[in-house]
Amino acid sequence: MDNEKLIEDLRGLLKQYGEKIPYGELVGAPWPYSRSGDLVWQDPEPYFIEQAATALSTLQTENEKLREKLEQVKP
């Protein structure tokens, strides 16, 4: 399978989960703290989907750099 397509499909799955919310809102913090903190997903599934897409993208970039280095050292 094409890695770019896989990453795109994974990120496309995130649309069904809506938007991230502030961490304060997730834990039920009182106002004004409810709007503070990092943006997080309400459910665990999109978190893992996002992490998988990021990991694949990072690995693909590192793989390309290694291929370039290999080409440089080949006679």
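Residues numbered from 1 in each chain as written. Predicted model: local features only at pLDDT ≥ 70, side-chain atom pairs only at ≥ 80, totals over all residues. Heavy atoms only, no water.

Peer 1: Would you mind going over the overall build of the protein with me for this structure?
Peer 2: Looking only at helices and strands, one finds three helices and two strands in the protein. Start at the N end of the protein and walk to the C end: the helices and strands fall as α-β-α-β-α. Against the 2.2 N^0.38 benchmark of 11 Å for 75 residues, the protein shows a C-alpha radius of gyration of 18 Å, more extended than a compact globule. Counting only C-alpha atoms, the protein reaches 65 × 25 × 15 Å along its principal axes. Within the protein, buried positions represent 16% of all 75 residues. For the protein, the proportion of contacts with a sequence separation of at least 24, taken over those separated by at least 6, is 45%. Just so you have it, the protein exposes about 6200 Å², and 55% of that area is on carbon and sulfur atoms. Taken together, the 9 basic and 14 acidic charged side chains of the protein have centroids lying 5 Å from each other. (Helix = DSSP H or I, 4+ residues; strand = E, 2+ residues; numbered from the N terminus. Rg over C-alpha atoms; globule rule 2.2 N^0.38 Å. Buried < 20%, exposed > 50% of the residue type's maximum accessible area, 1.4 Å probe, protein only. Contact = heavy atoms within 4.5 Å. Areas by Shrake-Rupley, 256 points an atom, 1.4 Å probe, with all protein chains shown as cover. Lys, Arg positive; Asp, Glu negative; His and termini not counted. Charge placed at Lys NZ, Arg CZ, Asp CG, Glu CD.)

Peer 1: How should I be thinking about the pattern of salt bridges in this particular structure?
Peer 2: Think of it this way: side chains of opposite charge can pair up when their charged atoms draw near. According to the stated counting rule, one finds three salt bridges in the structure shown. In this structure, the salt-bridge partner of Lys-5 is Asp-9, at a minimum N-O distance of 2.9 Å. Taken as a pair, Lys-5 and Asp-9 lie in helix α1 (residues 3–13) at a separation of four residues, close to a single helical turn. Among the residues examined, Lys-5 registers a relative accessible area of 40% and is labelled partly exposed. For the salt bridge of Glu-50 with Lys-20, the shortest nitrogen-to-oxygen distance reads 3.2 Å. Here Glu-50 is found in helix α3 (residues 44–73), whereas its partner Lys-20 is found in the loop between α1 and β1 (21–22), with 30 residues between them in sequence. (Salt bridge = Lys/Arg side-chain N within 4 Å of Asp/Glu carboxyl O.)

Peer 1: Is there a simple way to explain the side chain of Gln-60 in this structure?
Peer 2: Mapping Gln-60 onto the fold places it in helix α3. Residue Gln-60 is classed as buried on the basis of its relative accessible area, which comes to 17%. Not counting residues within four places of it along the chain, the set of residues in contact with Gln-60 comprises Asn-3, Glu-4 and Ile-7.

Peer 1: I would appreciate a short explanation of the nonpolar core in the present structure.
Peer 2: Across soluble globular proteins, you tend to see nonpolar side chains buried next to one another. Core analysis: the largest hydrophobic core is formed by six residues, namely Ile-7, Leu-10, Leu-14, Trp-41, Ile-49 and Ala-53. Looking at this core, the elements that each hand over two or more residues are α1 and α3. Aside from chain neighbours lying at most four places away, what touches Leu-14 is Trp-41, Pro-46, Ile-49 and Glu-50. (Core = buried A, V, L, I, M, F, W, Y, C linked by side-chain atoms within 4.5 Å.)

Peer 1: Teacher, can you tell me more about the packing of aromatic side chains here?
Peer 2: Geometrically, a pair of aromatic rings is defined through the distance of the ring centres and the angle of the planes. Tallied over the entire structure, the rule returns one aromatic pair. Summarising the aromatic geometry, the rings of Tyr-47 and Phe-48 are spaced 5.4 Å apart at their centres and angled 70° between planes, so their arrangement reads as edge-to-face. On the basis of relative accessibility, which here comes to 55%, the residue Phe-48 falls in the exposed class. (Phe/Tyr/Trp six-rings, centres within 6.5 Å; stacked < 30°, edge-to-face > 60°.)

Peer 1: Would you take a moment to explain α3 for this structure?
Peer 2: One turn of the α-helix equals 3.6 residues, which is why residues spaced by three or four share an orientation. Across its 30 residues, α3 extends 44 Å between first and last C-alpha, which sits within 8% of the 44 Å expected from 1.5 Å per residue. The elements touched by buried residues of α3 are α1. (Expected span 1.5 Å × (residues − 1).)

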